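So you can see what is in the structure, the chains are spelled out below.
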Amino acid sequence: MTKVYCDTCIYIDALGLSQQKDRIRPLGEFAWQFFQAISRDKLELITSDWLFKEFKDVIGSDEKLRDFIIDLELGDQRIHLVATEEDEKEARRLSKRNYPDALHVVLAKRAGALFLTTQNIKDFIEFDEYMKKHGIELKQPQDFI
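Residues numbered from 1 in each chain as written. Predicted model: local features only at pLDDT ≥ 70, side-chain atom pairs only at ≥ 80, totals over all residues. Heavy atoms only, no water.

Visitor: Please clarify how the overall build of the chain should be interpreted in this entry.
Guide: Helix and strand counts for the chain stand at 8 helices and 5 strands. Element order for the chain, N to C, with α for helix and β for strand: β-α-α-β-α-α-β-α-α-β-α-α-β. The C-alpha atoms of the chain give 14 Å as radius of gyration, which agrees with the globular expectation for 145 residues (15 Å, within 12%). Along the first, second and third principal axes, the C-alpha set of the chain runs to 35 × 30 × 30 Å. Taking all 145 residues of the chain together, the buried fraction comes to 50%. A sequence separation of at least 24 residues applies to 69% of the contacts in the chain between residues at least 6 apart. (Helix = DSSP H or I, 4+ residues; strand = E, 2+ residues; numbered from the N terminus. Rg over C-alpha atoms; globule rule 2.2 N^0.38 Å. Buried < 20%, exposed > 50% of the residue type's maximum accessible area, 1.4 Å probe, protein only. Contact = heavy atoms within 4.5 Å.)

Visitor: What should I look at first to understand the nonpolar core in this one?
Guide: As a rule of thumb, soluble globular proteins bury nonpolar side chains together. Within the largest apolar cluster, 25 residues are counted, with the highest numbers of intra-cluster contacts made by Tyr11, Phe34, Phe35 and Leu45. Filtering out sequence-adjacent residues up to four positions away, Phe34 remains in contact with Val4, Cys6, Ile10, Thr117, Pro141, Phe144 and Ile145. (Core = buried A, V, L, I, M, F, W, Y, C linked by side-chain atoms within 4.5 Å.)

Visitor: For this particular structure, what's the right way to read the packing of helix H5 (residues 85–94) against helix H6 (residues 99–111)?
Guide: Angle between the axes and distance between the axes: these two values describe a pair of packed helices. In contact at an axis separation of 8 Å, H5 and H6 are set at 125° when each is read in the N-to-C sense. Overall, the two elements H5 and H6 adopt an arrangement that is oblique. The element H5 and its partner H6 pack so that their crossing is right-handed. Between H5 and H6, the residues in contact are Asp87, Glu88, Glu90, Ala91, Arg92 and Leu94 and Tyr99, Ala102, Leu103, Val105, Val106, Leu107, Lys109 and Arg110, respectively. A class-by-class count of the residues in the contact of H5 with H6 yields 8 nonpolar, no polar and 6 charged. (Axes fitted to C-alpha atoms, helices over the stretch in contact; angles between N-to-C directions. Parallel < 35°, antiparallel > 145°, perpendicular 65-115°, else oblique. Left-handed = near helix turned anticlockwise from the far one by under 90°. Nonpolar A, V, L, I, M, F, W, Y, C, P; charged D, E, K, R; others polar.)

Visitor: Quick question: what am I supposed to make of the packing of aromatic side chains here?
Guide: For any pair of aromatic rings, geometry is given as the distance between the ring centres together with the angle between the planes. In this structure the tally under the stated criterion is 9 aromatic pairs. Ring centres 5.0 Å apart and planes at 80° place the aromatic pair Phe35 and Phe68 in the edge-to-face group. A residue pair is termed long-range when its members are at least 10 positions apart, and Phe35 in helix H2 (residues 27–41) and Phe68 in helix H4 (residues 63–71) qualify at 33 residues. Owing to a relative accessible area of 2%, Phe35 belongs among the buried residues under this scheme. The interplanar angle of 65° and the centroid separation of 6.1 Å between the aromatic rings of Phe124 and Phe127 together place this pair among those described as edge-to-face. Here Phe124 matches Phe127 in class, with each residue buried. Linked through ring pairs, Tyr11, Trp32, Phe34, Phe35, Phe68, Phe115 and Phe144 together constitute an aromatic cluster. Against the face of Phe52 rests Arg66, its NZ or CZ located 4.6 Å from the ring centre. (Phe/Tyr/Trp six-rings, centres within 6.5 Å; stacked < 30°, edge-to-face > 60°. Lys NZ or Arg CZ within 6 Å of the ring centre and 35° of its normal.)

Visitor: Which parts of the structure should I look at to understand the packing of helix H3 (residues 49–59) against H6?
Guide: At a closest axis distance of 10 Å, the pairing of H3 and H6 adopts a crossing angle of 150°. By the angle between their directions, the pair H3 and H6 is classed as roughly antiparallel. For the element pair H3 and H6, the recorded crossing hand is left-handed. For the pair formed by H3 and H6, the contact residues are Trp50, Leu51 and Glu54 on the first element and Tyr99, Pro100, Leu103, His104 and Leu107 on the second.

Here it is, written out as structure tokens:
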């Protein structure tokens with residue numbers, strides 16, 4: 001089964017909670033359709049404790065995220081990871097200035113993700129070689145529609 005790890009921004013967009021609006025691209029609609037594609041195409045969604053922490057830090061609570069993931073009804077199409085000390089060390093080695101996204105990349109690698117999905121492509125450019133080495137392709141949600 002194809003495994004997909006999502007950056008926190010995709011969940012925030014899907015829930016209509018983003019403070020950053022894009023006048024040209026309907027990011028919320030792209031994110032929503034992406035999650036529908038996960039169910040339809042039987043992709044395996046990878047979540048992590050880091051995702052929930054970031055979401056809570058931005059939104060103030062992770063309750064809406066928890067409800068959203070439950071509502072997706074993915075069952076065995078979902079893997080949940082808890083970041084280990086080794087994951088955190090690897091993320092710090094990977095990037096001194098972008099630890100949050102480095103940890104997403106490390107967790108995606110550990111789960112065997114084929115794709116890491118984000119709207120913030122530029123934030124992940126520094127991890128390009130690392131992701132290629134581990135067979136992870138960077139995609140935007142609209143790439144799955």
